[in-house]
Amino acid sequence: MPTGRLSVVVTRRLPEAVETRMKELFNVRLRDDDTPMTREELVDAVRQADVLVPTLTDDIDAGLLGQAGPQLKLIANYGAGVDHIDVSTARQRGILVSNTPGVLTDDTADMTMALILAVTRRIPEGLAVMQSHDWQGWSPTALLGGRVGGRRLGILGMGRIGQAVARRARAFGMQIHYHNRNPLREEIEDELEATYWESLDQMVARMDVISINCPHTPSTFHLMNARRLKLMKPEAVIVNTSRGEVIDENALTRMLRAGEIAGAGLDVYERGHSINPRLRELKNVVLLPHMGSATREGRMEMGEKVIINIKTFHDGHRPPDQVVPSML
Ligand code: DGY
C-alpha cells in the first residue's frame, strides 16, 4: 500500500456528499455519467487503482482480476451483496474484499413488508383503478385481498435482514417461521416467536407467504426451483428482496400464469434487469426495480462504510467489513 494518497476508482455515480468526501481523502477517479463501466473501462480501472469501489452492476470475475495490476490491494464494494465478485480469486491474488453490511437492513426489510402488503392487498391494482379515472366509488366486493394478520410467513435466510423482516411481520400479526443454515440463538427465537424448520421443503409447503432473504451463493442458486415452488400452497405468495438467482424465474412465471402460486412481489431478477417479459403482464405480480435499499440515508451510510473500510485498510488494519470466502 502506498503511504501517500491512495488511488481509488469508483465505478458508478455515488451520492454527491460521498463523492466530495472521497475527493478530500483520496486521489479518486469518479464516474461522469450514471452507467456501469464497460469491460474495457473496468480493466483499465483494475490496472490503475490501489482500491476499486465497484457496485453490484460490475462483474468482478477471475478474468478481470487476472488483469489487475500488482498495486490493486482492496475491492471496497459499495453494497452488501458480493455475488458479483470472485472473492476466492481475489484472496488468492492478495486482494481484500469489503462490503457495507448492516446499513441497508431496515430499508430492505421495510421494502419486504411493502411487497407483502402490495401483493396481498392488491395495492397496484387499486392504484391502476385510480389512475384510469374510472373509479365508480366504494363497493363491498371490489378488490378484495387477503388479511396479512394471522398468516404464516416463512423466511428463507434469517440473517440481519431476515430478522428485521420477522420483527416487522410480528407487528403485523404474522406468525414467523424460518429456514436457515443454523437455527438462531434461543433468546432471539423467543423474542421473534420464530419457529425453525430444518427442512426447507416442509416449511415451503406450509406457508402463506415466503420471503427470500438469503444471499446468492453457489448453494442458494435456484434454491426455489420448480420442484420446490410446486410445494407452495396455491394461495401462497412469494416475495424476493435479496437476489433473483435464488428463484428459478421462468418456473415461477409459469406457475403464476397457471394460478399454481397466488402472487409474487419481486425487487430482484435472475438476469439482472432483463426480466421475463411474461412477468410484467401478470396482475398478481408486483415488480420493483431493485430499490429495496434505495433511501438517501442508506446510500450515505453505505458511502461512509466504504470510506471507513478504505481508511482502516490504509492505516494498516483489517477493514472492519472484510468479506472472506468462508462467510459465503
Ligand atoms: C446490496 O447492497 O447488495 C443491495 O442489493 C443493493 O440494494
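About the cut-offs
- Residues numbered from 1 in each chain as written.
- Predicted model: local features only at pLDDT ≥ 70, side-chain atom pairs only at ≥ 80, totals over all residues.
- Heavy atoms only, no water.
- Helix = DSSP H or I, 4+ residues; strand = E, 2+ residues; numbered from the N terminus.
- Rg over C-alpha atoms; globule rule 2.2 N^0.38 Å.
- Buried < 20%, exposed > 50% of the residue type's maximum accessible area, 1.4 Å probe, protein only.
- Contact = heavy atoms within 4.5 Å.
- Near = heavy atom within 4 Å.
- Polar contact = N/O pair within 3.5 Å; in protein donor to acceptor, adjacent residues only side chain to side chain.
- Areas by Shrake-Rupley, 256 points an atom, 1.4 Å probe, with all protein chains shown as cover.
- Nonpolar A, V, L, I, M, F, W, Y, C, P; charged D, E, K, R; others polar.
- Patch = residues over 30% accessible without salt bridge, like charges linked within 9 Å, V, L, I, M, F, W, Y side chains within 5 Å.
- Salt bridge = Lys/Arg side-chain N within 4 Å of Asp/Glu carboxyl O.
- Pairing = 2+ DSSP bridges.
- Axes fitted to C-alpha atoms, helices over the stretch in contact; angles between N-to-C directions.
- Domains from an automatic or database assignment.
- Buried area = accessible area lost by both parts, 1.4 Å probe.
- Parallel < 35°, antiparallel > 145°, perpendicular 65-115°, else oblique.
- Left-handed = near helix turned anticlockwise from the far one by under 90°.
- Core = buried A, V, L, I, M, F, W, Y, C linked by side-chain atoms within 4.5 Å.

Colleague: Explain the overall build of the chain here, please?
Modeller: The helix and strand tally for the chain stands at 13 helices and twelve strands. Taking 2.2 N^0.38 as the reference for a compact globule, 328 residues should give roughly 20 Å; the C-alpha atoms of the chain span a radius of gyration of 21 Å, in line with that estimate. Seen along its three principal axes, the alpha-carbon backbone of the chain occupies a region of about 70 × 50 × 30 Å. Counting every position in the chain, which comprises 328 residues, the buried fraction comes to 50%. Summarising the internal contacts of the chain: among those between residues at least 6 apart in sequence, 60% fall at separations of at least 24.

Colleague: Where do I start with the site of the ligand in this structure?
Modeller: All residues adjacent to the ligand are Leu56, Gly79, Ala80, Gly81, Leu104, Arg243, His290 and Ser293. With respect to the ligand, the backbone of Ala80 contributes an N or O atom lying 2.7 Å from an oxygen atom. A distance of 2.8 Å separates an oxygen atom of the ligand from a polar atom in the backbone of Gly81. Protein contact buries 88% of the 230 Å² of open area that the ligand shows by itself. Of the residues that constitute the shell around the ligand, the class distribution is three nonpolar, four polar and one charged.

Colleague: Is there a simple way to think about a nonpolar patch on the surface in this case?
Modeller: Taken together, the side chains of Met130, Trp135 and Trp138 make up a nonpolar region of the molecular surface, amounting to roughly 460 Å² of accessible area. Relative to the helices and strands, Trp138 resides in the loop between helix 6 (123–131) and strand 6 (152–156). On the basis of relative accessibility, which here comes to 72%, the residue Trp138 falls in the exposed class.

Colleague: Explain the sheet that holds strand 1 (residues 7–10) here, please?
Modeller: Within a sheet, adjacent strands bond to each other through the backbone by hydrogen bonds, running parallel or antiparallel. Taken in spatial order, the five strands line up as 2-1-3-4-5 in an open sheet, and their pairing is parallel. Bordering the open sheet on either side are strand 2 (27–29) and strand 5 (96–98), each of which pairs with just one other strand. On average, each strand axis in the sheet is tilted by 20° relative to the strand beside it, whichever way the strands run. The sheet contacts of helix 13 (residues 296–314) involve strand 1, strand 3 (51–53), strand 4 (74–76) and strand 5, and relative to strand 4 the element is tilted by about 160°.

Colleague: I tried to follow the domain arrangement of the chain on my own but got confused; where do I start?
Modeller: One frequent convention defines the size of an interface as the accessible area lost when the parts assemble. Here the domain parsing of the chain yields domain 1 (7–103 + 295–327) and domain 2 (105–287). Centre-to-centre, using C-alpha coordinates, domain 1 lies 31 Å away from domain 2. Contacts between the two partners involve nine residues from domain 1 and, on the opposite side, seven residues from domain 2. Of the roughly 600 Å² buried between domain 1 and domain 2, counting both surfaces, carbon and sulfur atoms make up 34%. Counting across the interface, domain 1 meets domain 2 through one salt bridge. Two residues, Arg243 and Asp83, come together in a salt bridge whose shortest N-O distance is 3.2 Å. Linking domain 1 with domain 2 are four residue pairs in polar contact (both at pLDDT 80 or more), by the criterion used here.

Colleague: Before we go on, may I ask you to explain the packing of helix 5 (residues 105–120) against helix 7 (residues 160–171) in this structure?
Modeller: For any two helices packed against each other, the geometry comes down to the angle between their axes and how far apart the axes lie. Close contact between helix 5 and helix 7 brings their axes to 8 Å; oriented N to C, the two are set at 50°. In terms of their interaxial angle, helix 5 and helix 7 are classed as oblique. The handedness of the crossing between helix 5 and helix 7 is right-handed. For the pair helix 5 and helix 7, contact is made by Thr105, Asp106, Thr108, Ala109, Asp110, Thr112 and Met113 and by Arg160, Ile161, Ala164, Val165, Arg168 and Ala169, respectively.

Colleague: So what exactly am I meant to see when it comes to the nonpolar core here?
Modeller: Across soluble globular proteins, you tend to see nonpolar side chains buried next to one another. Core analysis: the largest hydrophobic core is formed by 29 residues, its most contacted members being Ile212, Met224, Leu229, Met232, Ile238 and Leu252. At the level of secondary structure, the elements contributing two or more residues to this core comprise helix 9 (200–206), strand 9 (209–212), helix 11 (249–257) and strand 11 (263–266). With four residues, the single largest contributor to this core is helix 11. The residues touching Met232, leaving out its near neighbours within four places in the chain, are Val204, Ile210, Met224, Val237, Ile238, Glu260 and Ile261. Of all hydrophobic cores here, the second largest spans 27 residues; its members include Met113, Ala166, Ile176 and Leu184.

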